[in-house]
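# Structural characterization, general
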Amino acid sequence: MTATTTKQSQAPEMGELSPYQTGPALTQATLVQTGVALEWQDGQQSTLPLLWLRDHCACQACRHPQTRERLYLPLEPITEPPSVALLEGHLHLNWQDGHVSAFHSGWLYQRRPESKLVSSVPNAKPWKDNFTPECVRHDDFLKPQGEKAWLTAMLRDGLALITDGPLVEEEVSRLAERIGPQRATNFGARFDVRSKPNPNNAAYTAVGLPLHIDLPNWRHPPDIQLLYCLQNGASGGESLFADGARVVEALRQQDPKALAILSETPIDFRFQDESHDISMRAPVVTLDSAGNLVEMRLNNWIRDALHLPVEQMDAWYSAYALLWRLFHSEAHQLEFTLRPGQMVAFDNRRVLHGRREFDPNSGARHLQGTYLDRDMLASRLRVLARQD
Ligand code: OGA
Ligand code: ZN
Ligand code: ZN
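All of these numbers come straight from a predicted model, not from anything done at the bench.

### Some remarks on the overall build of the chain
On a plain count of helices and strands, the chain comes out with ten helices and 22 strands. For 388 residues, the compact-globule estimate of 2.2 N^0.38 gives 21 Å, and the C-alpha radius of gyration of the chain, at 27 Å, exceeds that figure by more than 25%. Projected onto the principal axes, the alpha-carbon positions of the chain cover approximately 80 × 55 × 45 Å. Expressed as a percentage of its 388 residues, the buried residues of the chain come to 47%. A separation of at least 24 residues holds for 73% of the contacts in the chain among residues at least 6 apart in sequence. Approximately 19,600 Å² of the chain is accessible, and the part contributed by carbon and sulfur atoms is 50%. Seen as two clouds, the 39 positive and the 47 negative side-chain charges of the chain have centres 2 Å apart.

See below:
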C-alpha cells in the first residue's frame, strides 16, 4: 500500500454522500473558553462550541451507519472539555467520558458558521422581459447533464420544456417517475386533458382557460405540473403562462395596498362533484416575512362564495381585478403552441397557466398530465451534483 492510500483510508468517514473530501486540511485546533478554535490551511478560522462538536460526532453510536441519521440527542451541556488533537489534518477529540470523535477537515470546513451555505439548488428568479424558457431535448433529458439543466431551470424560472419526445401514451409518467413519485389528486395520479362528455372540470372542455393554478382548493396544491402533448391539431388551444413572482412585484410597484389586501385576506376555494367536496381558505397571494412570493392561489372558477365582512368586499374585488389584469396583460404573458412530443412543466404554485379556447371539431387535442413535489426536483439535483 502506498503512503497516500493509507492516509486516505484513515481520513474520518462522516456518513455523508455529498463530497466534502477535497476541503483544506486543518493546521491548528486549540481548546478555548468557547469551544475548539480551528484554523485551516487557507487561513480560514472558526471556533465551534463543544456541544456542537459532540452533537455532530459521526461515529457509529452517534450516527446510524446505514441510514446516516442522527442518533445523538444534545440535551446536556458539555462541562468537561475533551483533549484535542490533529491527525493528518483532521480533528480528533477524546471526551472525558471516554467517547471518541473524529471530524474530517473538509467536512468541518463546509459547515463552519462563517461560510455561506452553498447549494446546487438555485433560488427562484422572477422572469424578465422576453423570458425564453429552457428547452431540453427528450434524449438529453435522459442523460445527467440534460436532466440537470432542466431541473435547474425549473427551480429557477418555474417553467421549462422538454422537446422531441416520443408520441406514446404515459410518457409523462415515465419522465415524472425519473424524478419522483407522481402526486395523486382527486383527478388521479395521471390525467388526460381533452374535451370529454360530462366533464367535471373546465380543463376537460374546449373552453379557454384564463390563467390559474390547479387545485388551490387543497391545503397543499400540487407543486409541479407536467403537461405532455400527444395531439394538438385543433385550431386554438395555445398555452399561456405568467410568472407569479414577477406579477406580484409589478403589483407591489403599482398598488402596494392591493397587494396587502390580497395577501392578508383569506378567501375560500372549493371543488365539488358527486364524490368530493374539497375546500380551503387561504389568501390569493402568500408572501414570506421578506415580502417574497411563497405561493399563488388564483383560480377564478373554483373560487367559492366570498365570505368577508361586507365593508371589505369592494376593496377585495378591486384588488383582485388589478391583479387579474396584470396577469393577463401582454407584457406578462408567455404564449406558445405545444407541439406533439413536447412537454411543458411549471411550478403550479408560482407560475400561472392557461390556454386559449379550441375548436374540438377542427382536430384532436390531447395532453397527458401529472404532478410532482418540488422537493423531489431539488433532491434529484442534489443527487446529480454528487458527481460534480
Ligand atoms: C389543466 C390545464 C391546460 C391546457 O389541465 O389544468 O390547465 O392546455 N390545461 O389544456
Ligand atoms: Zn460518537
Ligand atoms: Zn390547469
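That shown, we press on.
### Details of the environment of Pro19
Within the fold, Pro19 resides in the loop between helix H1 (3-10) and strand E1 (26-32). Judged by relative accessible area, which is 39%, Pro19 ranks as partly exposed. Considering only alpha carbons, one finds Pro19 and Phe271, 252 residues apart in sequence, at a separation of 46 Å. Once you skip the residues sitting within four places of it in the chain, Pro19 turns out to touch Gln110 and Arg386.

### Considering the sheet that holds strand E20 (residues 351-355)
With respect to topology, four strands assemble into an open sheet ordered E10-E20-E13-E18, the strand pairing being antiparallel. Sheet topology places strand E10 (209-212) and strand E18 (334-336) at the edges, where each strand pairs with a single neighbour. Between one strand and the next, the sheet's axes are offset by a mean angle of 15 degrees, whatever the strand orientation. Pairing geometry for E10 and E20, over two bridges, is antiparallel. By the bridge assignment for E20, His212 is matched with His353. Strands strand E13 (239-243) and E20 of the sheet are contacted by helix H7 (residues 244-254), whose axis makes an angle of about 55 degrees with E13.

### Here we look at the pattern of salt bridges
A full pass over the atoms with the stated rule returns 23 salt bridges. Of the charged contacts in the structure, one is a salt bridge between Asp55 and Arg70, with a shortest N-O distance of 3.4 Å. A residue pair is termed long-range when its members are at least 10 positions apart, and Asp55 in helix H2 (residues 50-55) and Arg70 in the loop between H2 and strand E4 (83-87) qualify at 15 residues. On the basis of relative accessible area, Asp55 is assigned to the buried category, the value being 14%. Residue Arg70 is classed as partly exposed on the basis of its relative accessible area, which comes to 46%. Ionic pairing is found between Arg349 and Glu295, a salt bridge with its closest N-O pair at 2.9 Å. Of this pair, Arg349 sits in the loop between strand E19 (343-347) and E20 while Glu295 sits in strand E17 (residues 293-296); the two residues are 54 residues apart in sequence, bridging distant segments of the chain. Judged on exposure class, the residue Arg349 and its partner Glu295 are both buried. Each of Glu170, Arg190, Asp192 and Arg194 takes part in a single network of salt bridges with overlapping partners.

### Some details on the sheet that holds strand E3 (residues 45-48)
On the basis of which strands lie adjacent, the open sheet formed by three strands has the order E1-E2-E3 and antiparallel pairing. The open sheet is flanked by E1 and E3, the only strands paired with a single partner. Taking the axes of each pair of neighbouring strands and ignoring which way they run, one obtains an average angle of 20 degrees across the sheet. Bridge count for E1 against strand E2 (residues 35-40) is six bridges, and the pairing is antiparallel. Within E2, the residue paired with Thr30 across the bridge is Ala37.

### Considering the coordination of the zinc ion (ligand 2)
Each donor-metal-donor angle would ideally measure 109.5 degrees in four-coordinate tetrahedral geometry, or 90 or 180 degrees in six-coordinate octahedral geometry. On the protein side, the zinc ion (ligand 2) has Cys57 (SG), Cys59 (SG), Cys62 (SG) and His99 (NE2) as donor atoms, found 2.1 to 2.3 Å from it. Coordination geometry of the zinc ion (ligand 2): the four donor atoms subtend angles of 101 to 115 degrees at the metal centre, consistent with an arrangement described as tetrahedral. Using a relative accessible area of 23% as the deciding quantity, one classes Cys59 as partly exposed.

### Quick notes on unusual backbone geometry
Across residues other than glycine, the phi torsion is negative in most instances, and most of the peptide bonds are trans. Even without being glycine, Arg68 reaches a positive phi, approximately 65 degrees. Even without being glycine, Leu215 reaches a positive phi, approximately 60 degrees. For Leu215, the position within the fold is in the loop between E10 and strand E11 (224-232). When its relative accessible area of 6% is taken as the criterion, Leu215 is described as buried.

### Section: the domain arrangement of the chain
Split by domain assignment, the chain resolves into domain 1 (4-111) and domain 2 (134-385). Computed over C-alpha atoms, the centres of domain 1 and domain 2 are 45 Å apart.

Conventions and cut-offs
- Residues numbered from 1 in each chain as written.
- Chains lettered and ligands numbered in written order.
- Predicted model: local features only at pLDDT ≥ 70, side-chain atom pairs only at ≥ 80, totals over all residues.
- Heavy atoms only, no water.
- Helix = DSSP H or I, 4+ residues; strand = E, 2+ residues; numbered from the N terminus.
- Rg over C-alpha atoms; globule rule 2.2 N^0.38 Å.
- Buried < 20%, exposed > 50% of the residue type's maximum accessible area, 1.4 Å probe, protein only.
- Contact = heavy atoms within 4.5 Å.
- Areas by Shrake-Rupley, 256 points an atom, 1.4 Å probe, with all protein chains shown as cover.
- Lys, Arg positive; Asp, Glu negative; His and termini not counted.
- Charge placed at Lys NZ, Arg CZ, Asp CG, Glu CD.
- Pairing = 2+ DSSP bridges.
- Axes fitted to C-alpha atoms, helices over the stretch in contact; angles between N-to-C directions.
- Salt bridge = Lys/Arg side-chain N within 4 Å of Asp/Glu carboxyl O.
- Donors = N, O, S within 2.8 Å, 3.2 Å for Na, K, Ca; no water.
- Tetrahedral: all angles 85-135°; square planar, octahedral: opposite > 155°, others 65-115°.
- Domains from an automatic or database assignment.

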